[in-house]
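Architecture and fold: a report
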Amino acid sequence: MKILVADDDLISRKLLKNTLEKWGHEVFQAENGEEAWKLLQTNDIKFVIVDWLMPVMDGLALCRKIRSSGSLGYVYIILLTGKDKKEDLIEGLDAGADDYIAKPFDRDELRVKSRAAVRILALEKELIEKNENLSVLNDKLEKLAKMDTLMEIGNRRSFYETIEKVHYRAWKYSQVYGIIMCDIDNFKAYNDIYGHLAGDNILKTVADNTKLMLLKSEDLFRYGGEEIVAILPEQDLNETVLLAERIRKRIESLAIDHKGNNSGMLTISCGASAYDPKKTNRKWEIILDFADKALYSAKNSGKNKTCRYEDS
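Computed from a predicted structure; not experimentally measured.

What to know about the environment of Leu266
Relative to the helices and strands, Leu266 resides in the loop between α9 (237-253) and β11 (268-275). Separated by 14 residues in the primary sequence, Leu266 and Glu252 place their C-alpha atoms 6.4 Å from one another. If we ignore the near neighbours within four places in the chain, the residues touching Leu266 are Ile184, Tyr190, Ile202, Val206, Ile251, Glu252, Ile256, Asp257, His258 and Asn261.

Concerning the layout of surface pockets
By volume, the largest pocket amounts to about 290 Å³. Every residue lining the largest pocket is counted, 14 residues in all, and those nearest its centre are Asp44, Lys46, Leu121, Glu124 and Lys125. Looking at the lining of the largest pocket element by element, the count peaks at eight residues for helix α5 (residues 107-145). Considered as a void within the structure, the second largest pocket measures approximately 200 Å³ in volume. Residue lining of the second largest pocket: 13 residues in total, with Leu237, Ala274, Asp276, Lys279 and Glu310 positioned closest to the centre. Of all the elements in the fold, those that place two or more residues in the lining of the second largest pocket are α9 and β11.

Some remarks on the pattern of salt bridges
In total, this model carries 19 salt bridges according to the counting rule given. Where Asp98 meets Arg67, a salt bridge forms, and the shortest distance between an N and an O atom there is 2.7 Å. In this pair, Asp98 is assigned in the loop between α4 (86-94) and β5 (99-102) and Arg67 in helix α3 (residues 59-68), connecting sequence segments 31 residues apart. Close ionic contact of Lys299 with Asp185 constitutes a salt bridge, the shortest N to O distance being 3.1 Å. With Lys299 in helix α10 (residues 284-300) and Asp185 in the loop between β8 (177-184) and α7 (187-194), the pair connects residues that are 114 residues apart, well separated along the chain.

Focus: a negative patch on the surface
Together, Asp8, Asp9, Glu31, Glu34 and Glu35 make up a negatively charged patch on the protein surface. With respect to the helices and strands, Glu31 occurs in the loop between β2 (26-30) and α2 (33-42).

What to know about the nonpolar core
If you look at soluble globular proteins, the nonpolar side chains tend to sit buried side by side. One finds Ile180, Ile184, Ile202, Val206, Leu266 and Ile268 to be the most contacted residues of the largest nonpolar core, which totals 24 residues. Elements with a contribution of two residues or more to this core: β8, α7, α8 (196-212), β10 (227-233), α9 and β11. Sequence-distant contacts of Ile184, that is, excluding residues within four places in its chain, are made with Ile202, Leu203, Val206, Glu226, Leu266, Thr267, Ile268 and Lys299. Counting 23 residues, the second largest nonpolar core, distinct from the first, contains Ala36, Val50, Met54 and Leu79.

Concerning the sheet that holds strand β3 (residues 47-51)
One open sheet holds the five strands; their spatial order is β2-β1-β3-β4-β5, and the pairing between them is parallel. Looking at which strands have only one partner, the edges of the open sheet turn out to be β2 and β5. Along the sheet, successive strands turn relative to each other by an average axial angle of 20°, direction set aside. As paired elements, strand β1 (residues 2-6) and β2 share five bridges and run parallel to each other. Considered in β2, the bridge of Ile3 is made with Val27. Together, β1, β2, β3 and β4 (76-81) form the strand contacts of helix α1 (residues 10-22), whose direction differs from that of β2 by roughly 170°.

What to know about the packing of α8 against α9
Close contact between α8 and α9 brings their axes to 10 Å; oriented N to C, the two are set at 135°. By the angle between their directions, the pair α8 and α9 is classed as oblique. Between α8 and α9 the crossing geometry is right-handed. From α8, Val206, Asn209, Thr210 and Leu212 reach across to α9, where they touch Ile247, Arg250 and Ile251. For the contact of α8 with α9, the per-class residue count stands at four nonpolar, two polar and one charged.

Observations regarding the packing of α2 against α3
Close contact between α2 and α3 brings their axes to 9 Å; oriented N to C, the two are set at 25°. Considered as vectors, α2 and α3 are oriented roughly parallel to each other. Seen from above, α2 lies across α3 with right-handed handedness. Residues Gly33, Ala36, Trp37 and Leu40 of α2 form the contact with α3, whose own contacting residues are Leu62, Lys65 and Ile66. For the contact of α2 with α3, the residue count by class is five nonpolar, one polar and one charged.

Cut-offs and rules
- Residues numbered from 1 in each chain as written.
- Predicted model: local features only at pLDDT ≥ 70, side-chain atom pairs only at ≥ 80, totals over all residues.
- Heavy atoms only, no water.
- Helix = DSSP H or I, 4+ residues; strand = E, 2+ residues; numbered from the N terminus.
- Contact = heavy atoms within 4.5 Å.
- 1 Å grid on protein atoms, 1.4 Å probe; cavity = no way out; pocket = protein on both sides within 12 Å on 5 of 7 lines; lining within 4 Å.
- Points joined across faces, edges and corners; volume = space filled by probe spheres on them.
- Salt bridge = Lys/Arg side-chain N within 4 Å of Asp/Glu carboxyl O.
- Patch = residues over 30% accessible without salt bridge, like charges linked within 9 Å, V, L, I, M, F, W, Y side chains within 5 Å.
- Areas by Shrake-Rupley, 256 points an atom, 1.4 Å probe, with all protein chains shown as cover.
- Lys, Arg positive; Asp, Glu negative; His and termini not counted.
- Charge placed at Lys NZ, Arg CZ, Asp CG, Glu CD.
- Core = buried A, V, L, I, M, F, W, Y, C linked by side-chain atoms within 4.5 Å.
- Buried < 20%, exposed > 50% of the residue type's maximum accessible area, 1.4 Å probe, protein only.
- Pairing = 2+ DSSP bridges.
- Axes fitted to C-alpha atoms, helices over the stretch in contact; angles between N-to-C directions.
- Parallel < 35°, antiparallel > 145°, perpendicular 65-115°, else oblique.
- Left-handed = near helix turned anticlockwise from the far one by under 90°.
- Nonpolar A, V, L, I, M, F, W, Y, C, P; charged D, E, K, R; others polar.

Written out as structure tokens, the structure reads:
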């Protein structure tokens, strides 16, 4: 382990260095607290043995500086001191020292206390690693909780969180945004004819191809069953309709067999709506309902088409 020995007494410092190196440690040396602090900034040292009385910066000042630093992480500190009064020892511990050794140091005491320091630091490192792993796992779980695992797009919960943010930003800065709601035509018939596994593959295919049509700032969600919803920040109704139509044509161009459709191919219908602060102060739920109404019109007027709902 890397250990920093800070002591202005050359003989004491060398004795500590030689002893610790015999026990397998890598030892750094400093003549005062200021030198020690500089070494801590440039080396990954987690164990410090520091003399109380030193010029420039004494041991207590170094302890306080280490403890107030937010960049070093946890550093184990043993304070070397010739002071043996109870109040002096309490002062040293209050300054941030973890333990103390009387000067001149006893080898056996140093061995016992340095071993304890190494064990504590190993446990602290293990705890940090476990917490980091737990944090990574929690992040993954959070992402999974917002993801539809079949389509690999956001789920309804994720949609609600996103639309709230997009709508608030649009309202605050007087911006527009569009919503596209898409539905696979005669999907139940597709499942009945080709099976649910094939139906799952189609859901994934439609989602993948729709995502390819979106910008990075635009999000796609599975709203329910075979319905997907896209949120398009800063897109007005005309732009939203154009994108919806491009998505519809892309799915049609895949030429996937669907005997349950009159065309014999898999198709989707799309409904488009948009929030426009100049025309309305509607809530996002109303804008979503407009997209749903437009989709309903597309389904009821022959399917495989895009319809729009323009707020009056």
